[in-house]
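Examining the three-dimensional arrangement
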Amino acid sequence: RWQNEVKIRLCLHPLVLCLLLSHHTCIFAQLITSMAAANPSSRRRSMLRGALVGIALCAASYTIIWGDYVLRIPLSENFQLRRHRMMPRDRRQLGYLDSEPSSPLKYGRTLIDQNFQSLVRPSGIDSSIFRKMTQATHGAGDKGYDESTACDNIFLLMPYSFGHNGHGSQLNNFILAALVATFTNRAMVVLEPPPALNVFHSNSQFGCPPEAWETQVIRTGAEPKKVGWNKDFPSGLSRLLKHPAWLSRQCAVPCPEYTYEDWDELHLMNNYTEVPVPKEITCPTSEEGGKTQNVLVLSGQQVRDYFISYYKDKMLDRVQPPSLPAAEWALRLGAAPHEARVFGGLTERHEIWDYISGIMIRSGIMRWQPWIARDAEAYIHQIEGLPLDEPYDAIHVRRGDKLESDARRFVIRHWQLQGLYDEETGEMPMNYIPFSFYLKQFDDEEYDEAACTGDEPVRLVYVATDDPTTVQSEVNEFPRDAEGNSIVNSVQSCCNRFRFFFGTSPSEQNALVSYHIDEGPSKGDCEERYRRNIACIADLMILAKADIFIGEFNSNWGRLVRTFRLRLNTSGKWARPVLLKEMRVAWGSSHPGPPGW
């Protein structure tokens, strides 16, 4: 399901086509044999062979008609495709698993399924981006680069100080840094602190998989014993993400004579309140001939500060569209020439942000390390009943610490509209927006109450939340049908039947102290931190690949998931330049702003 667009199969009747093909094949065979053979028996054999050829053509035509040949037509935003009318292939396209096969990736003795390595299906990523981008920039003068100049200008990202934030915040920050790096035509290199300066156990905020340990076999047949940390294993943010080669240009950390402490001190000179334009550093390389590198070094928070105060307006600048700098920026992110021209001509800011997001996502900006993909796949497969090969919907309910800060004004507004907020005392029925309010976003079709038979399709819904115990109790209050499905009636519909799935069982919910990766007494426990890391990554992938996603932009997760549900519109003249796989905003702002924000 894509907003403004639906795929409709070419409906030529296969039986009629088969008969026509068989008939004309026989006539053709008869004509040839009448000229080449006077023997009646030979003529009959030739006609039989012609009929067999006709049957083969019939089978081939049937495969073509009911295969992958589809016709795209634009539809209104309010168009809804009923589940029980979907073709089998359409259902697969809306499931978690990619309808197009992808080769597994080898990691040691394990094969990694690419369906679990990104927030995007494998078919949505152009794996040839690094080769194509290098070819596109060769000979582009000072706007491009080649092997000899690829590492002359470096954007050095120091994400360590941002490591105490949640998954959504850190991943969004990585996207924002990639936007700045590509906009300024710099190779983006990530610099993590050495173990002596890293407060996180196993040197990463994302915990430790088995590979993070150095082990030793004490005796034959016994389990290997952990004897220390694997010093060669990726640390920090790099333990979670594979840094794209097209983004780093395979450059090493610049200025080899500088230590991490030196860089840590140098980045402090960029204070956006005092230095409106970020300062750059020039330093010698290890190469002979006195070659130097130009380096822009920023921490995670500085990326946010300078983006909003300096880079954002420059990225949106379209004084004289089409913008050549914008088109060149798009090329550096992997756009085709015609896509770069389209991007350079956009002037509406939401379209600019969405289009550059679509290019960046297709380029594979965010892929998990193989151990993350392996363990996230195992986690998803253990979720009882969750279908991976048919459509499902997903809801993200963010509560926790947000209720006392960013979300509070929206919660108050919700109860004010219900007439249940006491303006004098500040009292309200509850300090959060009920789960039933999220479900109202599914009320998109008018039903005749008298026509409700109880046989209406069951909507499969995955629920990702940092408050599963409360949400589960809210679900338990709904009436059930004979099959155990929840029945949620509303003003618009009496026929909503749901089957809900949670990533954690009730026993696990009670055992967990916090769902934030850096909260609670167990935050220093390496294995427990890694377990929460895998649960969060699995949730993000399930949300991003759902048929319909319901969330809000007050949360980093809602903004991140929306970004990865964007696709460039390749259908040409129809509809808008970017398509958004259907998302419904439960409450709050209707647009998230720039990608990574």
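Residues numbered from 1 in each chain as written. Predicted model: local features only at pLDDT ≥ 70, side-chain atom pairs only at ≥ 80, totals over all residues. Heavy atoms only, no water.

1. Focus: the overall build of the protein chain
For the protein chain, the count of helices and strands is 18 helices and 20 strands. The burial tally for the protein chain puts 51% of its 597 residues in the buried class. In the protein chain, the proportion of contacts linking residues at least 24 apart, taken out of those at least 6 apart, comes to 74%. A total accessible area of about 28900 Å² is found for the protein chain, and carbon and sulfur atoms account for 53% of it. (Helix = DSSP H or I, 4+ residues; strand = E, 2+ residues; numbered from the N terminus. Buried < 20%, exposed > 50% of the residue type's maximum accessible area, 1.4 Å probe, protein only. Contact = heavy atoms within 4.5 Å. Areas by Shrake-Rupley, 256 points an atom, 1.4 Å probe, with all protein chains shown as cover.)

2. Section: the nonpolar core
Among the nonpolar cores identified, the biggest contains 101 residues, and F155, M366 and W368 are the most heavily contacted of them. Here the element with the most residues in this core is helix α17 (residues 526-544); it accounts for twelve residues. With near-sequence residues (within four places) excluded, M366 lies in contact with Q117, S118, L119, L171, F174, I175, L241 and F564. Listed in part, the 29 residues of the second largest apolar core include F410, V411, L439 and V471. (Core = buried A, V, L, I, M, F, W, Y, C linked by side-chain atoms within 4.5 Å.)

3. With respect to the packing of helix α5 (residues 167-183) against helix α8 (residues 300-316)
In a packed pair of helices, the relevant descriptors are the angle between the two axes and the axis-to-axis distance. Where α5 contacts α8, the two axes come as close as 10 Å, and the packing angle between them is 50°. Comparing their axes, α8 and α5 come out oblique. Every pair of crossing elements has a handedness; the one defined by α5 and α8 is left-handed. On the side of α5, the interface is formed by N173, L176, A177, L179, V180 and F183, while α8 contributes G300, V303, R304, F307, Y311, K314 and M315. Looking at the contact of α5 with α8 residue by residue, the class counts come to nine nonpolar, two polar and two charged. (Axes fitted to C-alpha atoms, helices over the stretch in contact; angles between N-to-C directions. Parallel < 35°, antiparallel > 145°, perpendicular 65-115°, else oblique. Left-handed = near helix turned anticlockwise from the far one by under 90°. Nonpolar A, V, L, I, M, F, W, Y, C, P; charged D, E, K, R; others polar.)

4. Observations concerning a negative patch on the surface
Taken together, the side chains of E257, E261, D262, D264 and E265 define an acidic patch exposed on the protein surface. Within the element layout of this structure, D262 appears in helix α7 (residues 260-266). Exposure remark for D262: the relative accessible area of 31% places this residue in the partly exposed category. (Patch = residues over 30% accessible without salt bridge, like charges linked within 9 Å, V, L, I, M, F, W, Y side chains within 5 Å. Salt bridge = Lys/Arg side-chain N within 4 Å of Asp/Glu carboxyl O. Lys, Arg positive; Asp, Glu negative; His and termini not counted. Charge placed at Lys NZ, Arg CZ, Asp CG, Glu CD.)

5. Side note on the environment of M158
Note on placement: M158 falls in strand β5 (residues 153-158). The sequence separation of M158 and V297 amounts to 139 residues, and the corresponding C-alpha distance is 7.4 Å.

6. What about the sheet that holds strand β10 (residues 281-284)?
With mixed pairing, four strands are arranged side by side in an open sheet as β6-β5-β11-β10. Two strands in the sheet have a free side with no partner beyond their single neighbour: β6 (187-190) and β10. On average, each strand axis in the sheet is tilted by 35° relative to the strand beside it, whichever way the strands run. Here β5 pairs with strand β11 (residues 292-299) via six bridges, running parallel. Across the sheet, residue L156 finds its bridge partner in β11, namely V297. Its contacts with the sheet put α8 on β5 and β11, and the angle it makes with β11 is roughly 100°. (Pairing = 2+ DSSP bridges.)

7. Some remarks on the environment of G593
Summarising the element assignment, G593 is placed in the segment after β20 (583-585). Of the residues examined, G593 reaches a relative accessible area of 16% and is grouped as buried. Placed 40 residues apart in sequence, G593 and F553 show a C-alpha to C-alpha distance of 9.1 Å.

8. Regarding the sheet that holds strand β16 (residues 497-502)
Taken together, the six strands give an open sheet; going across it, the order is β15-β16-β14-β13-β17-β20, and neighbouring strands pair in mixed fashion. Pairing within the sheet leaves two strands with one partner each, and these edge strands are β15 (486-487) and β20.

9. Structural notes on the packing of aromatic side chains
Both the distance between ring centres and the angle between the ring planes are used here to describe each pair of aromatic rings. Under the counting rule described, the total for this entry stands at 18 aromatic pairs. Taking the centre distance of 6.0 Å and the plane angle of 80° together, the rings of Y160 and F200 count as edge-to-face. Separated by 40 residues along the polypeptide, Y160 in the loop between β5 and α5 and F200 in the loop between β6 and β7 (213-216) bring together distant segments of the chain. Judged on exposure class, the residue Y160 and its partner F200 are both buried. Residues Y310 and Y311 carry aromatic rings whose centres are separated by 4.9 Å and whose planes lie at 75° to one another, so their mutual orientation is edge-to-face. Since its relative accessible area comes to 23%, Y310 is described here as partly exposed. Here a set of aromatic residues connected by ring pairs shows up, and it is made of F435, Y438, F442, F478, F498 and F500. Between R304 and the ring centre of W597, over which it is positioned, the NZ or CZ distance is 4.0 Å. Sitting above the plane of the F343 ring, R318 keeps its charged end 5.0 Å from the centroid. (Phe/Tyr/Trp six-rings, centres within 6.5 Å; stacked < 30°, edge-to-face > 60°. Lys NZ or Arg CZ within 6 Å of the ring centre and 35° of its normal.)

10. Focus: the side chain of E474
Mapping E474 onto the fold places it in helix α15 (residues 468-476). Among the residues examined, E474 registers a relative accessible area of 11% and is labelled buried. In this structure E474 touches R399, Y432, P434, F435 and S436, once residues within four positions along its chain are discounted.

11. Considerations on the pairing of β10
Burial along β10 is one-sided: I281 and C283 are buried, and none of T282 and P284, which face the opposite way, are. The pairing of β10 with β11 spans four bridges and is antiparallel. If you follow T282 over to β11, its bridge partner there is N294.

12. Details of the state of the cysteines
Evaluation of the coordinates by the stated rule reveals three disulfides. Note that C151 is cross-linked by a disulfide to C251, the S-S spacing being 1.9 Å. Every disulfide takes its handedness from the sign of the S-S torsion; for C151 and C251 that torsion is -95°, giving left-handed. Taken together, the residues C151 in the loop between α4 (129-137) and β5 and C251 in the loop between α6 (245-248) and α7 connect sequence positions 100 residues apart. (Disulfide = S-S within 2.5 Å.)

13. Things to note about helix α12 (residues 370-381)
Between its first and last C-alpha, α12 extends 17 Å over twelve residues, near the 16 Å set by a 1.5 Å rise per residue. Across the twelve residues of α12, nine count as buried, placing the element largely inside the fold. Contacts from the buried residues of α12 go to β3 (105-107), β4 (110-112), β9 (241-242), β12 (367-368) and α17. (Expected span 1.5 Å × (residues − 1).)

14. What about the confidence of the model for the protein chain?
Per-residue pLDDT for the protein chain has a mean of 82; in total, 75% of the residues score no lower than 70. Taken as a whole, residues 1-14 scores under 50 in pLDDT and shows 57 contacts with residues more than four places along the chain or in a different chain. Throughout residues 64-92 the model reports pLDDT below 50, and contacts reaching past four residues in sequence, or to other chains, amount to 67 contacts. (pLDDT = per-residue confidence, 0-100.)

15. Considerations on the pattern of salt bridges
The tally for this structure, following the rule as stated, stands at 15 salt bridges. Among the salt bridges present, the one from E339 reaches R362, with a minimum N-O distance of 2.7 Å. A residue pair is termed long-range when its members are at least 10 positions apart, and E339 in helix α10 (residues 337-345) and R362 in helix α11 (residues 349-362) qualify at 23 residues. Classification of E339 as buried rests on a relative accessible area of 7%. Sharing partners across several salt bridges, the network here consists of E211, R374 and D375.

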